[in-house]
Amino acid sequence: MGLEEQLPAGVLLGTVEGLLGYMRKASLWPATFGLACCAIEMMTTGAPRYDAARFGMEVFRASPRQADLMIVAGRVSQKMAPVLRQIYDQMANPKWVLAMGVCASSGGMFNNYAVVQGVDHVVPVDMYLPGCPPRPEMLLDAFLKIHDQIQHSKLGAHKLALQNEQEAAALTAAPTIEMKGLLR
Amino acid sequence: MTTTDPYADARSTTEGKVFTVTGQDWDSVVAGLGEEPEERVVVNMGPQHPSTHGVLRLILELEGETVTEARCGIGYLHTGIEKNMEFRSWTQGVTFVTRMDYLSPFYNETAYCLSVERLLGIEDQIPEKANVLRVLLMELNRISSHLVCIATGGMEIGALTVMTIGFREREMTLDLFELITGLRMNHAFVRPGGVAQDLPAGALDKIREYITWMNKHLPEYAELCNANPIFKARLNDVGYLDLAGCMALGITGPTVRSTGYALDLRKSQPYCGYETYDFDVPTWDTSDSYGRFRVRLQEMWESLKIVEQCADRLEKMDGEPVMVADKKIGWPAQLAVGADGMGNSLDHIKHIMGESMEALIHHFKLVTEGFRVPAGQAYVPIESPRGEMGAHVVSDGGTKPYRVHFRDPSFANLQAMPIMCEGSQVADVIVAVASLDPVMGGVDR
Amino acid sequence: MSDSQPENLPATSAAGDAQTPGAEVIDQREGMFGVRGTGDTSGFGGLKRQVALPGGTPKPYGSWFDGAVDKLEGLAGEGAIEKVVVDRTELTLHVAREHLVSVAQHLRDDETLRFELFSGVSGVHYPQETGRELHAVYHLASITHNRRIRLEVSAPDGDAHIPSVCSVYPAADWHERETWDFFGIVFDGHPALTRIQMPDDWPGHPQRKDYPLGGIDVEYKGAVIPPPDTRRSYN
């Protein structure tokens, strides 16, 4: 809720959005939220061969208060879900969530009593990354895409308008089961 | 004092007033204590903490910097894999077990498959080449697992270079895995009856290259750490656990070998033909974290020796089968990568789809229904990088496991955390836990 | 005491169950794909399959088993070992639950037995075995003699109590907590029998057979796939 959120909609806000997006995406600090197999691939991404430092993302912050991006890497159990939410709440705005791997995205192959069927039941997710586990290249690709998303994110009045639009669309959207056509 | 934070407030319990603190200014916390006479600081380390090897929660009672009482909280990665397997066929079970201890997938698969094979009564029908491939992959896996242990252990004590070079060598190992199995992690390559696929062309050359690479780069760890005064100061005499303690707590693996006792199932109860390989069981006699580090380092060399012997054997085994001959159990597909980079052997598809109705039915039944396993139970332990790993597999004669329980060494070894840490400094807790090398996926399953 | 099951049925199943003589039938499965009762023309409803676990083995057991079992029977006294099963080169002793701790003590302390390494507890739930629904399976290893043994203890569902072996094997601590968590077996005498894997306030014991897998339907466009435990399947 900084000054930029108070700007009137228009060219000025658009310029500030672009500038802020550029700044934010270039220094995105991930929080370490390694849970399972994906956490190892996440560490590999930070290690020399894949080198997340090329995208300004090598600084994995242990403290959620210093992090902008939570990479949920692995299956989230029912016992872990409240912890996950607490970490998310402790992160300062603006913040993004990347669900890494199918378990974090949808529960994956573990459709059972112990695993939360997708971390979007607990926190809002900005990017879903499939794979079991995703290769480091895939994680890097997700980084680039989330950078792109941050670059084009809206602020203030623009954000409100976008949210209203999205909500109106969501209210009239057909549930998956009623959709027709190919499975995609 | 902290009324604005929903996660941090004071509450009264039977043991007095309890304050939950989540990172504010310490002075405000002390001010909030008021004139409460008793001060007992209990620190929750984890479940989300960078130095606890995943989602391990350590509950430490502190007096200054000294840990007076320590307990583990686990279960934050409980995945219900054992229950899920009860609704899948025996072969599909491999896909589940490989995700338990995600740093040693081949050990999970082999432990499970050995138990299933004992239930099927086909232990001595496993082709020689399948056994050699299993040993090859397991020993490569031991190297990659120990590398992660040393790398993350180094990172946790602040030695970031150890982490970066550790992951560099691990990548080389993972490249080999990818070449042989198609996947970097979670391979599901070892199947009941053998392994899924033969070695691809050119794999042996890559293995030779890998051995040369490791021979060149493994000494770097010794040069970096063995005599490094900071490293030694952090590890020496930390996390002490002697042989009697290990036996009482059921500890196996490098921890027991660091007490000077060469307990290794590969020697004492060989499986997969380990008795025919030439290797030593390294030990150390200090019973501390430094000893465990040196044991792991030495074990990587021994594993490399075994990998080399496997490569020599595989050279002479070109074209031999890798799956049990019994067509009622062995996966029917003769897997071969097509021109499109995926798919089965075209000859096989032509045979089952165009020439033989029976082959098609057989293929369909084996894939959808799976084979039946005679009723009974089996437990075949193997030596994983962390100690004795075994699957207690119960069958009721059906196409699905009745119950699978994994005795995971991480789970058993983690019980030693309190005895290793109580009375030491907080910083030593990190070192002690890292020296046990628990993998939470294996602990919680 | 080693041969006490009431009915010794021959091997009848086509699947090759019950090859061991004296197999113990614990259940009978009927039909397939959930086909039941009248109106069934598929033929699957008529399928019958007996679930038979390997039953008690008569003496001699072979290998080192005879000496160890005789020694243990002498030490633990009459009635402690209900049944001896030698199956697939593994020795299983069915132990009466009230004798479990003394049997474990003898197994650990006697120098000809000396099973000093405790490998874990695994619970198994057999809902059809009335009176002995819950089994706790202990794996012990002797490093001195390089042997392995399995103890199986059963308890009825209504009185799911088994004495804890923590006093003999401290390593049993977490393993027993896990078995309590997943199967609801109360280990009497355990120092702190609390849940270990599931959250403290979790209702039920999830790995029992009467506990559902707990999966949710997976929706696609125009189709739903139910979780695996509610699908039609081979049984």
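These numbers were taken from a predicted model, which means no experiment stands behind them.

> Talk me through the UniProt feature "binding site: [4Fe-4S] cluster" (unreviewed entry) in chain A; I want residue IDs and the actual numbers.
Residues and elements named next belong to chain A. UniProt tags Cys37, Cys38, Cys103 and Cys132 as "binding site: [4Fe-4S] cluster" (unreviewed entry). A maximum C-alpha distance of 10.2 Å places the annotated residues, which cover 96 residues in sequence, within one compact spot. Counting through the fold element by element, Cys38 comes out in helix α2 (residues 37-46). Accessibility expressed as a relative area gives 7% for Cys38, which makes it buried. In this structure Cys38 touches Ala73, Gly74, Met100, Gly101, Pro133 and Pro134, once residues within four positions along its chain are discounted.

> Talk me through the confidence of the model for chain C; I want residue IDs and the actual numbers.
Residues and elements named next belong to chain C. With 86% of its residues at a pLDDT of at least 70, chain C reaches an overall mean of 82. Low pLDDT, under 50, characterises residues 1-19; the predicted model gives this stretch 39 contacts beyond four residues in sequence or across chains. With a pTM of 0.90, the predicted complex shows an ipTM of 0.86.

> Can you break down the packing of helix α1 (residues 11-26) of chain A against helix α5 (residues 136-151) of chain A residue by residue, with the values?
All names here are of chain A. Running from N to C, α1 and α5 cross one another at 155°; their axes reach a closest spacing of 8 Å. Taken together, the axis directions place α1 and α5 in an arrangement best described as roughly antiparallel. Considering only the axes of α1 and α5, their crossing is right-handed. Together, Glu17, Gly18, Gly21, Tyr22, Arg24 and Lys25 of α1 and His147, Ile150 and Gln151 of α5 make up the contact between the two elements. For the contact of α1 with α5, the class distribution of residues is 2 nonpolar, 4 polar and 3 charged.

> Before we move on, can you summarise the UniProt feature "domain: NADH:ubiquinone oxidoreductase-like 20kDa subunit" (unreviewed entry) in chain A with the specific residues and values?
Under the present numbering, the feature "domain: NADH:ubiquinone oxidoreductase-like 20kDa subunit" (unreviewed entry) in UniProt falls on residues 37-145 of chain A. Counted over residues 37-145 of chain A, helix gives 33% and strand 12%. Its end C-alpha atoms are 22 Å apart.

> Go over the pairing of strand β5 (residues 66-73) of chain B, please, and point to the residues and values.
All names here are of chain B. Strand direction decides the pairing type here: strand β4 (residues 57-63) and β5, joined by 7 bridges, are antiparallel. What sits directly across from Leu58, in β5, is Cys72. Connecting the antiparallel pair β4 and β5 is a turn made up of 2 residues, with Gly64 showing a positive phi of about 65°.

> Report on the interface of chain A and chain B, specifying residues and quantitative values.
Every contact between the two is made by 37 residues of chain A and, on the other side, 38 residues of chain B. Taken together, both faces of the contact between chain A and chain B bury some 3,300 Å²; the carbon and sulfur share is 60%. Summed over the shared surface of chain A and chain B, the result is 4 salt bridges. One salt bridge connects B:Glu171 with A:Arg49, and the closest N-O pair in it is separated by 3.4 Å. Between chain A and chain B we count 14 residue pairs in polar contact (both at pLDDT 80 or more) in total. Put simply, the parts of the chain that give the side of chain A that touches chain B at least two residues each are α2 and α3 (81-90) of chain A. In terms of residues, the side of chain A that touches chain B owes the most to one element, α3(A), which gives 6 residues. Considered class by class, the residues forming the side of chain A that touches chain B number 21 nonpolar, 8 polar and 8 charged.

Conventions adopted
- Residues numbered from 1 in each chain as written.
- Chains lettered and ligands numbered in written order.
- Predicted model: local features only at pLDDT ≥ 70, side-chain atom pairs only at ≥ 80, totals over all residues.
- Heavy atoms only, no water.
- UniProt positions renumbered as here; feature names shortened; annotations may be inferred.
- Helix = DSSP H or I, 4+ residues; strand = E, 2+ residues; numbered from the N terminus.
- Buried < 20%, exposed > 50% of the residue type's maximum accessible area, 1.4 Å probe, protein only.
- Contact = heavy atoms within 4.5 Å.
- pLDDT = per-residue confidence, 0-100.
- Axes fitted to C-alpha atoms, helices over the stretch in contact; angles between N-to-C directions.
- Parallel < 35°, antiparallel > 145°, perpendicular 65-115°, else oblique.
- Left-handed = near helix turned anticlockwise from the far one by under 90°.
- Nonpolar A, V, L, I, M, F, W, Y, C, P; charged D, E, K, R; others polar.
- Pairing = 2+ DSSP bridges.
- Buried area = accessible area lost by both parts, 1.4 Å probe.
- Salt bridge = Lys/Arg side-chain N within 4 Å of Asp/Glu carboxyl O.
- Polar contact = N/O pair within 3.5 Å; in protein donor to acceptor, adjacent residues only side chain to side chain.

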